[in-house]
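Listed below are the residues making up each chain.
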Amino acid sequence: MSIRNLDRMFAPKAVALIGASPKPGSVGNVLARNLFDGGFAGAILPVNPKYRSIEGVFAYPDIAALPQVPDLAVICTPPSAVPGAISDLGARGCKAAVVITAGFGELPGEEGKALERAMLDAARPHLMRIVGPNCLGLLVPGAGLNATFAHLAPPKGDLAFVTQSGAMATAVLDWASPRKIGFSHLVSLGDMTDVDFGDMLDWLALDGRTRAILLYVEAITSPRKFMSAARAAARLKPVIVIKAGRHAEGAKAAASHTGALAGADAVYDAAFRRAGMLRVHDIDELFDAVATLANPPKSSGDRLAILTNGGGLGVLATDTLIDEGGHLAELTDATRAGLDAVLPRTWSRGNPVDIIGDAPPARYAAATKALLADPQMDALLVLNCPTAIASSVEAADAVIAEAKAARVPVLTAWLGGTQSALDARRKFAEARLPSYETPDKAVRGFMHLVRYRRAQASLMEVPEAAPDDLCPDPAAARRAVDEALAQGRSWLDDGQVRAVLEGYGIPTPRAAFAASEDAAAGAAERLGGPVVLKIVSPDVLHKSDVGGVALGLNGPNQVRAAAAAMRARVLAAKPAATIEGFLVQEMIRKPDAHELILGASVDRQFGPVLLFGQGGVAVEVLGDVAMALPPLNVKLARDMIAATRVAKLLQGYRGRKPADRASIELALVRLSRLVCDLDAVAEIDVNPLLVDETGAIALDARIRVAPPPAGRHAARLAIEPYPAHLTRDIDLPGGGRAKLRPIRPEDAPAIEAMLARMTDEDRRMRFFAPIAKLTPAQLDRLTQIDYDREMALVCEGADGLLGVVRLAADPDRARAEYAIALRSDQKGHGLGVYLMRRILDFAKTAGIGVVFGEVLRENRPMLDVCRGLGFTLHAEPDMPDIVRAEIGLVDWPADEKAAE
C-alpha cells in the first residue's frame, strides 16, 4: 500500500489492547504486561467484556466504550472476532492495528482465507493499516512501546529489525540481550496481509533514529514495490538481509537449461545485489555486518593484507579469504624493504606478514605503518594471539594510533576470552575500528565490505533497456513472436528464433530450413562448405538428447543420408514427435572457442531474470552461472561475467588467446533489451554462444513464448529502466536550444555547478535554508533516484544545467511532491513555467492524483507560477512562513507526447 498512517503504528499517542487478559501465561496477559511495563507515556486501554481491570488498569467492555480514539490497536482475540474488531476500530477513527492472532490465510482451506478477506475489507474504508496477522507484534523501544508477547524488552538503539518469523524475532532478542545491542524498531510482519517489507523499508529509510535496517525474509509479496523501496533505502543507510530457504529442494525443473538453473534463491541473490543490499546467512553474521558497515569506507577492492603475530592465524585467515572469493594483496618491493627495516630477520617475507610471537607494541606499530603505505592493498587485517611476552592491550593501542590516518579499512581480531582481549576489543570499538573474535569472522567482515560496495555500485547503475543502435530490427523480432503466438506455438521454430536474435543484434550462423531430406541436400549445396544438420520438431526441445544434431557434413549426399538417419533416430526415441523438417546451418569452426550460455526466464516473483555462464551439454552439471535482473548496461554485464568461474578462462591460458569479452558484454546487453521489449518471451536459452578472440556467435537457441498478462508493460520488470524516452531537444522559452532529460547519478557535479551559479537568496528559496553547497549525501539523494516512484528532469544547455524539476510520489502514487530549481541567470524567461508543465504532464501520465509543494511565503515568483498553473494555495497553520500549493490532476490537460 504505502507508508500512509504508519506514523500511528509506530508513534501512537494511545494504544488499545483488544483481548487483554488477567490469566497468567496467556497471550493477552503477556501483551498487557509488556505494554504496561514498557514505559509507554500514552494511554493504554485494555478491552475485554469479562473483566473490570487488567493488571490493575480499568478494562473496557468493548471498543465503543473506549474514552478516546486509539491510534494503534493490538488484537489477540479469536480469529472469527478480528474482522468485527477491525470494523469497530475503524469506525472510531483508529488507523493502525497489530493482529497477533493466527488462523487466517496461512491455514489450508477456504475458512482462513475468507476471514483474511473480511479483515482487509473491514480496514479498507478507514485506510487502516494492519501488521500481521499471525505475528509476534512490534517494539519501538525509544517510545517505550512493547506491543509483543516476547520474553525480553531490548534497550533503545539505532538498528531496525523486520522479520516475517516471530520465532526469529525472539531469537534475535535473545542473541542481542547479553551483547547490549539496542533497536529503534523490531517488527514481526507475520502473514503480511497489508504492511510488508516494502512499506517497512519506506518507513525506516526516512526514520532518523535508524542507522541500519536488518531483514529476515522468507518471501516477498510485492517484488516491484520491494525493489523500489529497497533501492531507495539502501541509498541512505545499510540494508542487511537474511533470506531463508537457500536450498529449494523439490522445486520443479523448467523445460530449458535456463529454467532449470534459475532457482528462486539465485534470483533473490540477484535482486538483493541489484538493490544495494548485503546478504548474510545467520544471526551472528548479521550483527557482525552491522558493525563492519557502521562507517563503510569508499574502498571496494578485494585485496587484503594480513598482519599477525602467529603464522597459524594468518593461514586460517588466508583460507577463509580464498573461500570467500577475496585475494591476498601482493606486497610491493618498497613495502618489503620497509618491513625488512623494522622486523626481525625471521619475519615471513610475504603476505600474511608474520611478525613473530614475541612482537611488542612498537613492532605492531611499525609493521602497520609500513603496510598502510602500500598502494596495492584495499584493506588491512591485524591479528593478535595472546602471549606472556607482550601486552595485547598495548599492541591494540599501537594499531589504533597508526590506523587514525589510514586510507583503507583496518580490521582487527584479538583472540581469546581473557580480560586483556576484552579490553583490546573495547578500545577498538571506542576507536570505531571493526573488531572480531576470530580470524575467519574478521575475513568475512572484510568480504562484507567488498560485497556491500559492489552492491552499492550496482545500485548506482541506471541503464536504459539498451540503445537503439545496438538492436538493428526489433520490429522483425516482434513480428516473429507475434507469428508464433498466432500459430499457437509455445516454442518458436528455428526461423523465428533467428529473426528474434538477429533483430536484437545477436549474431547467428547462416542457415536454411528444409522440409525434406532432398531439400536439406539442396540447402547444403547453396551454403557451401561443411554444414551442421539439426532436426526441426516442436516436440524436441534438446536436440542432442535424441540424436537430432549432426556436425561437419560435406556435400549434398552426406547431408541427404544424415537427414534420413536423423529422422529415423528421432522417431525411434520419440515415436509421437512431429518432424517438420531440418535446419541446415553453416559449420562454424572456432577450435579455441569457449562454449557459453546466455538465457532469460520469468521468475514468478521478480519477473524477467538473465543468466550467463559456462555452456555446452554439461551446463547443469557444471553449474557455473550468474544471474541478474534487467535492464543491463555494459558495466552490469561485465560484473555478471566476472561472477563466474569461466571468466578466468576467458582471459586466456596456455597459448589460448583471450576471448573477445566486449562481444559477450554486448550480447548480454542486447539480450536484456530483448526481454525488456518482448513481454511475450517467457524463456530464452542461447547455448552454446561460441566465443573466441574474434567475437561471439549463437550456434543454437530456444525461445518459449506465452501470451503476456494484461496490464502495464513495464510492471513486469522488477527495476524500472532509465526512461530514455523522456529525453528530447527543446526550444527554450527565452530563446536557444537545450536538452530535457531524466537525471542520472553522474549529474552530481553538474548539480553542484548549477547551485554555485545560484544566488544565496535563490538557494534559500529552494532549500528553505541559506546553504552554500550540498553534502555528498544530499547530492546522492538528489541524483540517485528510483524512476518507479520519482522523477527529476534536468534542462541541459551548452554551458551546463539550467534548471531541475523533480517529483517524489508516495508509494501508492496517490500524491507527489514537486520541487524546482533554476540557475539564477535563467529566471524570468519562462523556463520555470515550462519545467512545471512538463513535470505535471509526467505526473498525469504516471497516474498520480495530486501534486503539491511547499513554498516560502516570500517566494512570490513561485507562488505566481503556481497560481497561473491552477494550483490552490493554503496557509500551513503550524508553519506561518510556508504556503502549501496543491493541484489535482484529474482535469489537467496533459501533453501526452511530452510525458509519454
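Rules behind the numbers
- Residues numbered from 1 in each chain as written.
- Predicted model: local features only at pLDDT ≥ 70, side-chain atom pairs only at ≥ 80, totals over all residues.
- Heavy atoms only, no water.
- Helix = DSSP H or I, 4+ residues; strand = E, 2+ residues; numbered from the N terminus.
- Rg over C-alpha atoms; globule rule 2.2 N^0.38 Å.
- Contact = heavy atoms within 4.5 Å.
- Lys, Arg positive; Asp, Glu negative; His and termini not counted.
- Charge placed at Lys NZ, Arg CZ, Asp CG, Glu CD.
- Buried < 20%, exposed > 50% of the residue type's maximum accessible area, 1.4 Å probe, protein only.
- Polar contact = N/O pair within 3.5 Å; in protein donor to acceptor, adjacent residues only side chain to side chain.
- Salt bridge = Lys/Arg side-chain N within 4 Å of Asp/Glu carboxyl O.
- Pairing = 2+ DSSP bridges.
- Right-handed = clockwise from strand over helix to strand, strands pointing away.
- Core = buried A, V, L, I, M, F, W, Y, C linked by side-chain atoms within 4.5 Å.
- Axes fitted to C-alpha atoms, helices over the stretch in contact; angles between N-to-C directions.

A. Structural context of the overall build of the protein chain. In terms of helices and strands, the protein chain carries 30 helices and 38 strands. On C-alpha atoms alone, the protein chain measures out to a radius of gyration of 32 Å, which is about the 29 Å that the 2.2 N^0.38 rule sets for 900 residues. Judged by the C-alpha coordinates and their principal axes, the protein chain covers about 100 × 80 × 70 Å. A sequence separation of at least 24 residues applies to 71% of the contacts in the protein chain between residues at least 6 apart. For the protein chain, the centre of its 101 positive side-chain charges and the centre of its 108 negative side-chain charges are spaced 1 Å apart.

B. Structural view of unusual backbone geometry. With an omega of 0°, the peptide bond running from G132 to P133 counts as cis. Backbone torsion omega between N687 and P688 reads 5°, so that peptide bond is classified as cis. Tracing the backbone through its elements, the reader meets P688 in strand β28 (residues 681-692). The phi dihedral of E55 falls on the positive side, at around 55°, and the residue is not glycine. Mapping E55 onto the fold places it in the loop between β3 (53-54) and β4 (57-58). With a relative accessible area of 42%, E55 lands in the partly exposed category. Phi at L127 takes a positive value of approximately 50°, unusual for a residue other than glycine. Positionally, L127 belongs in the loop between α4 (110-123) and β7 (129-131).

C. Up close: the side chain of T368. Relative to the elements of secondary structure, T368 occurs in helix α13 (residues 361-372). Looking at T368, its side chain comes within polar contact range of the main-chain oxygen of Y364, at 2.7 Å. Discounting chain neighbours no more than four positions away, the residues touching T368 are L307, L380, V399 and E402.

D. Focus on the pattern of salt bridges. What the rule picks out here adds up to 56 salt bridges. Among the ionic contacts, a cluster of salt bridges with common partners joins R129, D194, D196, D199 and K225.

E. Up close: the pairing of strand β12 (residues 212-217). Buried residues dominate β12, accounting for six of its six residues. Where β12 and strand β13 (residues 239-243) come together, five bridges link them in parallel fashion. Bridging across to β13, Y216 finds its partner in I242. Read from β12 through helix α7 (residues 223-234) to β13, the crossover connection turns out right-handed.

F. Examining the nonpolar core more closely. Formed by 66 residues in total, the largest nonpolar core has its most connected members in M9, L215 and F226. Setting aside anything within four residues of it in sequence, one finds L215 in contact with F161, V162, F197, L201, F226, V239, I240, V241, I242 and M277. Within the second largest apolar cluster, 56 residues are counted, among which are V462, A738, I820 and V851.

G. Fine view of the sheet that holds strand β33 (residues 790-797). Spatial strand order, β31-β32-β33-β34-β35-β36-β38-β37: eight strands in an open sheet with mixed pairing. Sheet topology places β31 (728-731) and β37 (872-876) at the edges, where each strand pairs with a single neighbour. On average, each strand axis in the sheet is tilted by 25° relative to the strand beside it, whichever way the strands run. Note: β33 against strand β34 (residues 800-809), eight bridges, orientation antiparallel. Looking at the pairing, E790 lines up with A808 of β34. Its contacts with the sheet place helix α25 (residues 748-756) against β34 and β35 (815-822), and it is angled at close to 110° to β34. Across the face of the sheet, helix α28 (residues 831-845) comes into contact with β31, β32 (737-742), β33, β34, β35, β36 (850-856) and β38 (879-888) while running at roughly 35° to β34.

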